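An overview of the molecular structure
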Amino acid sequence: MDISALLKSFCSAVERRDGKGFASLFTEDGVYHDVFYGDFKGHARIAEMIDDWFYRTAEEFRWEMHRPVSDGKMLYAYYTFSYVSKLPEAAGRRVGFEGCSMMTLRDGKIADYREVANVGPAFIELGFAPERTAKILAKEGAHLKKQPEWKRHLA
């Protein structure tokens, strides 16, 4: 599968709530590291993440990948992502954020998906209390510091 087709299938499966189709883009032992919900490993868990976790508190997803760069082993793409929140404090508002997807590829499939996302503005749009936003961002920062690339910079 070429990179454009992979990214189109990736985004489209989320928008259609097609967890099985989304999971099929990953290797059997593939891992999706979600910025909000944590790690999901293997086809069944990745499908569950889309069908259950994503759609539990949101609907009407829109996901677009832009300016992909790949050497066949790694794939990077800037993305824009939005959804209509089902959370009471959001009152059905569409919220969005931007980020960067980082995918390790193996045999034309995704072996590992990670992202860095600018989620702060989305929390403001959702109407989260400042304390809640600070708690979520602190958790994300702690997770980021555990990454091997960051450990070198923190030493």
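Residues numbered from 1 in each chain as written. Predicted model: local features only at pLDDT ≥ 70, side-chain atom pairs only at ≥ 80, totals over all residues. Heavy atoms only, no water.

Inspection of the sheet shows strand 3 (residues 58-70) paired to strand 4 (residues 74-85) by nine bridges, in the antiparallel sense. The residue of strand 4 that forms the bridge with Met 65 is Tyr 79. Where strand 3 hands over to strand 4, the hairpin turn is made up of three residues, of which Gly 72 adopts a positive phi near 95°. (Pairing = 2+ DSSP bridges. Helix = DSSP H or I, 4+ residues; strand = E, 2+ residues; numbered from the N terminus.)

Its place among the elements puts Thr 27 in strand 1 (residues 26-34). A relative accessible area of 8% means that Thr 27 is categorised as buried. The residues touching Thr 27, leaving out its near neighbours within four places in the chain, are His 43, Arg 106, Lys 109, Ile 110 and Ala 111. (Buried < 20%, exposed > 50% of the residue type's maximum accessible area, 1.4 Å probe, protein only. Contact = heavy atoms within 4.5 Å.)

Attention shifts here to the packing of aromatic side chains. In the structure shown here, the tally under the stated rule is 21 aromatic pairs. Ring centres of Phe 61 and Tyr 83 lie 5.8 Å apart, and the angle between their planes is 40°; on these two criteria the pair is classed as tilted. Of this pair, Phe 61 sits in strand 3 while Tyr 83 is found in strand 4, placing the two residues 22 residues apart along the sequence. Side by side, Phe 61 and Tyr 83 carry an identical accessibility label, which is buried. One residue, Arg 56, lies across the ring of Trp 53, its end atom 4.7 Å from the ring centre. (Phe/Tyr/Trp six-rings, centres within 6.5 Å; stacked < 30°, edge-to-face > 60°. Lys NZ or Arg CZ within 6 Å of the ring centre and 35° of its normal.)

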